[in-house]
Amino acid sequence: MTSQSDVALEEVPWGDLKPFMSVIVLRCVGRPELAFGALVRLLKKPGRARQGTSVRTIAETELSAEVGGVVPGVGTLESLQVDQLFGCVRRQQSRPGWVLASSDYMNVSHELIVVLRRGQLIAVRAERNVLDRLQKQLNTAPLPPLRRLGSGVLEEAFMQGAAKNIWMRSIQRRSVLRPTSKAIGGDDLGVALDPVEDGFFAWDAARCEMPDNPEVVFLKGKVGVTVSNSQIWFKDSPDFHTYVLTMGEILGITAEVIETPTGFSAFPVTAREVFDLAEVSEAYEVLPVDVDSLPESLRGGEDVEEAALVLQDAVLNVQEGARGTKFKLDVGTGGVIGGQLAANLKKLDDRFELDVGFDRCARDPLPSAREVFQAVNAGQLLEVYFASGHKYSAGRLWKQDFTPTPFTGWAWEDFTGFDITKEKPGKLQSTPLIHAAIGEADDDSLFAWMVDYCSEGWLLCDDSSGEAADFFHIDDENLLRVFHVKASSNKSENRGVKVGDYDVVLAQAQKNMLYLDKDLLAERLASTTIEEPACWFDGERVKDRREGFLAKLKGSRSKGTTEVVVVQPNLSRKLYAKVSEDIANGVVNQNTLRLQLLEMQLKMARIAAVKYVTDLTVIGSG
């Protein structure tokens, strides 16, 4: 790449320009004229040299209202209410990709840069490659004296009218079970978004109709914004005079919102990405990532997968009294606390990082705590929820502003005589041995409770690697219930709400909802590798290799209904009533925050169930 600093440059032919009105709007830090100069210097720097390509500046103009700057054929900067203006035209020559290096064929193109400042705000119009370099520089230390606009400013300034299009991305960890992004169109999406399903998405770009305002002459019609890069996009300009006046209105509206914000939100049900830690406070829950739900490309190596499995069964209890971004964790394995960790959420360039070490004020950690510590530091395997409404996940920070409402699918059952911390009989590892031991005289596991609970009709256990569910039950009314069973991490009478106890089992339930189709289920069960699956009829074990259950299933294909049931006795009816009352009375503590988070996740799972024309019931201990 070459540049010619010694050659006299032409003036920018302002009268010939009609730029498309798509700009990056930045806020100056410190003296605005100095910030403008720093930005111009950044934009004038040549990009990375590419073989066979040459770029040279052929026209350049910088004007200032302070010294009476005039745009020929347009007007003075003072009359246009513009403080500073910079323009640059570059000619690029590059060899087409379809010819050899020795060829004389060359593509010739021209690039335009226009930078306009009004007060503390600057609008930048440039080609994609130049803007990409600028965006990168905005995140690189030492930071230039320029900042992107916050999502709240963009939303209040340009999203006041009916939203026609919105592009959203999920704030949940990437998973094969759910979409990572979605684009929606409609007449007024601000009122059409779902507070539950869309509450786990953040809007990244949107296009809205500007409301009628007699003081706004040029910025009329549909205006789009992109939050992540502080971009505002409109339409083609008929001439440069109209372009400057439209930019003036964009910067004027933005400045007014910055000076006197009202807190307006066009999409109050959606989350939004946060780029600083100023308002983050009081961690109340830490959840491990379900590695099985991650796409293969994000699972990392074997070490990361092994660490994720350790965390799935680990004790991860946030201690009361967390302040700001710092908090302490009781950690261990096997339901036993083995030590304490101290954690702090820190900003690292344009990302966030969870800094975790042992709590120096606590006793020496046991080996189990050291195992959890090593797993935590193996990768970004934890998600952290804060009372301030923020969520940390995979290096990014989000703010959720949902209004919690109760989940109505709770059912309370008696688990007396059964160990709610024991999912399967004994410590057996072999699938045939597990099936043979279910419901035997010494079995007090939740699997044995299932046999007692489903004492009428056909009950089939499918527990194995690659299972469709833990149990399937069909009653005399042809109701097919698909059971997913998970042991509680604690059986103390004083146990609190534990969101992590539900995380994995809900993911399993959603993953296998396709087997609510009775034909698919019959095909799946007929081809299972389990030679002697445990099966009961009216509470009595039968050894017919599931034939009776399959006959009943096939006979009920056109009859009856289906239901997904999650059995997780961690939450008791007594505790649920107490915490629900506290929520109604405005009490904010770890249990109220965790229950609200849990019920939001249960409602998300229920939405997935409804798509399969079924419902979700969650059984707790009564």
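This text follows the structure it describes.
Here we summarise the structure given alongside this text. Since the structure is predicted, the reported quantities are computational estimates derived from the model, not experimental observations.

### Side note on the sheet that holds strand 27 (residues 535-537)
Here's step 1: If you trace the eight strands from one edge of the open sheet to the other, you get 23-30-29-26-25-24-27-28, paired in mixed fashion. Two strands bound the open sheet, and with one partner strand each, they are strand 23 (410-413) and strand 28 (540-541).
Here's step 2: Bridge count between strand 24 (residues 458-461) and strand 25 (residues 471-474): four bridges; the pairing is antiparallel. Of the residues in strand 25, the one forming a bridge with Trp-458 is Ile-474.
Here's step 3: Seen against the sheet, helix 9 (residues 446-453) touches strand 23, strand 24, strand 25, strand 26 (480-485), strand 27, strand 29 (562-572) and strand 30 (616-621) and runs at an angle of roughly 160° to strand 26.

### Re the packing of helix 11 (residues 518-526) against helix 12 (residues 547-555)
Here's step 1: Look at helix 11 against helix 12: their axes get within 10 Å of each other, and the N-to-C directions meet at 165°. In terms of axis orientation, helix 11 runs roughly antiparallel to helix 12. As helix 11 packs across helix 12, the resulting crossing turns out to be left-handed. Across from Lys-518, Leu-521, Ala-522, Leu-525 and Ala-526 in helix 11, the residues of helix 12 making contact are Phe-549, Leu-550, Leu-553 and Lys-554.
Here's step 2: Split by residue class, the contact of helix 11 with helix 12 holds seven nonpolar, no polar and two charged.

### Topic: a negative patch on the surface
Here's step 1: Negative charge collects at one region of the surface, where Glu-456, Asp-476, Glu-477, Asp-538 and Glu-540 lie side by side.
Here's step 2: Looking at where Glu-540 falls in the secondary structure, it is placed in strand 28.
Here's step 3: By relative accessible area, Glu-540 is classed as exposed at 56%.

### Focus on the state of the cysteines
Here's step 1: Under the definition given, this model contains zero disulfides.
Here's step 2: Its sulfur unpaired, Cys-535 is 9.9 Å from the next cysteine sulfur, which belongs to Cys-461.

### Regarding helix 13 (residues 573-584)
Here's step 1: Between the first and last C-alpha of helix 13 there are 16 Å, a value that for 12 residues agrees with the 16 Å anticipated at 1.5 Å per step.
Here's step 2: Every buried residue of helix 13 is accounted for by Leu-575, Tyr-576, Val-579 and Asp-582. On an axial view of helix 13, the arc spanned by its buried residues comes to 130°, and they lie on one face. Structural note: helix 13 exposes Lys-574 and Ala-584 on the side pointing more than 90 degrees away from its buried face.
Here's step 3: Where helix 13 is buried, its residues meet strand 23, strand 29 and helix 14 (590-611).
Here's step 4: Within two residues after helix 13, Gly-586 carries a phi angle of roughly 80°, on the positive side.

### Focus on empty space enclosed by the protein
Here's step 1: Enumeration according to the criterion identifies two cavities of 30 Å³ or more in this entry.
Here's step 2: Around the largest cavity sit Ser-151, Arg-169, Ala-202, Trp-203, Asp-204, Val-227, Arg-272, Glu-273 and Trp-398, which together line it.
Here's step 3: Counting only elements with at least two residues in the lining of the largest cavity, the list comes to strand 11 (201-209) and strand 14 (272-274).
Here's step 4: For the lining of the largest cavity, the residue count by class is four nonpolar, one polar and four charged.
Here's step 5: Here the second largest cavity is characterised by a volume of approximately 30 Å³.
Here's step 6: Lining the second largest cavity are Leu-460, Cys-461, Asp-462, Leu-525, Thr-528, Ile-530, Pro-533 and Arg-546.

### Considering the pattern of salt bridges
Here's step 1: In total, this model carries 22 salt bridges according to the counting rule given.
Here's step 2: Across the salt bridge formed by Arg-169 and Asp-204, the nearest N and O atoms sit 3.4 Å from each other. Of the two residues, Arg-169 is situated in strand 9 (residues 163-170) and Asp-204 in strand 11; the sequence distance between them amounts to 35 residues.
Here's step 3: The shortest N-O distance in the salt bridge between Asp-355 and Lys-346 comes to 3.1 Å.
Here's step 4: Each of Arg-169, Asp-204, Glu-273 and Arg-396 takes part in salt bridges that share partners, so that together they form one network.

### Focus on the layout of surface pockets
Here's step 1: Approximately 1,200 Å³ is the volume attributed to the second largest pocket.
Here's step 2: Gly-150, Glu-273, Val-274, Phe-275 and Asp-276 are, among the 34 residues lining the second largest pocket, the residues nearest its centre.
Here's step 3: For the lining of the second largest pocket, the secondary-structure elements that each account for two or more residues are helix 2 (128-138), strand 8 (146-148), helix 3 (151-158), strand 14 and strand 22 (396-399).
Here's step 4: Residue composition of the lining of the second largest pocket, grouped by class: 11 nonpolar, eight polar and 15 charged.

### Section: the nonpolar core
Here's step 1: Counting 54 residues, the largest nonpolar core has Leu-85, Phe-158, Phe-240 and Phe-267 as the members making the most contacts within it.
Here's step 2: Top contributing element to this core by residue count: helix 5 (residues 240-259), with eight residues.
Here's step 3: Setting aside chain neighbours within four positions, we find Phe-240 in contact with Trp-14, Leu-17, Pro-19, Val-71, Val-74, Leu-85 and Val-114.

Cut-off values and rules
- Residues numbered from 1 in each chain as written.
- Predicted model: local features only at pLDDT ≥ 70, side-chain atom pairs only at ≥ 80, totals over all residues.
- Heavy atoms only, no water.
- Pairing = 2+ DSSP bridges.
- Helix = DSSP H or I, 4+ residues; strand = E, 2+ residues; numbered from the N terminus.
- Contact = heavy atoms within 4.5 Å.
- Axes fitted to C-alpha atoms, helices over the stretch in contact; angles between N-to-C directions.
- Parallel < 35°, antiparallel > 145°, perpendicular 65-115°, else oblique.
- Left-handed = near helix turned anticlockwise from the far one by under 90°.
- Nonpolar A, V, L, I, M, F, W, Y, C, P; charged D, E, K, R; others polar.
- Patch = residues over 30% accessible without salt bridge, like charges linked within 9 Å, V, L, I, M, F, W, Y side chains within 5 Å.
- Areas by Shrake-Rupley, 256 points an atom, 1.4 Å probe, with all protein chains shown as cover.
- Salt bridge = Lys/Arg side-chain N within 4 Å of Asp/Glu carboxyl O.
- Lys, Arg positive; Asp, Glu negative; His and termini not counted.
- Charge placed at Lys NZ, Arg CZ, Asp CG, Glu CD.
- Buried < 20%, exposed > 50% of the residue type's maximum accessible area, 1.4 Å probe, protein only.
- Disulfide = S-S within 2.5 Å.
- Expected span 1.5 Å × (residues − 1).
- Arc of directions from axis to C-beta.
- 1 Å grid on protein atoms, 1.4 Å probe; cavity = no way out; pocket = protein on both sides within 12 Å on 5 of 7 lines; lining within 4 Å.
- Points joined across faces, edges and corners; volume = space filled by probe spheres on them.
- Core = buried A, V, L, I, M, F, W, Y, C linked by side-chain atoms within 4.5 Å.

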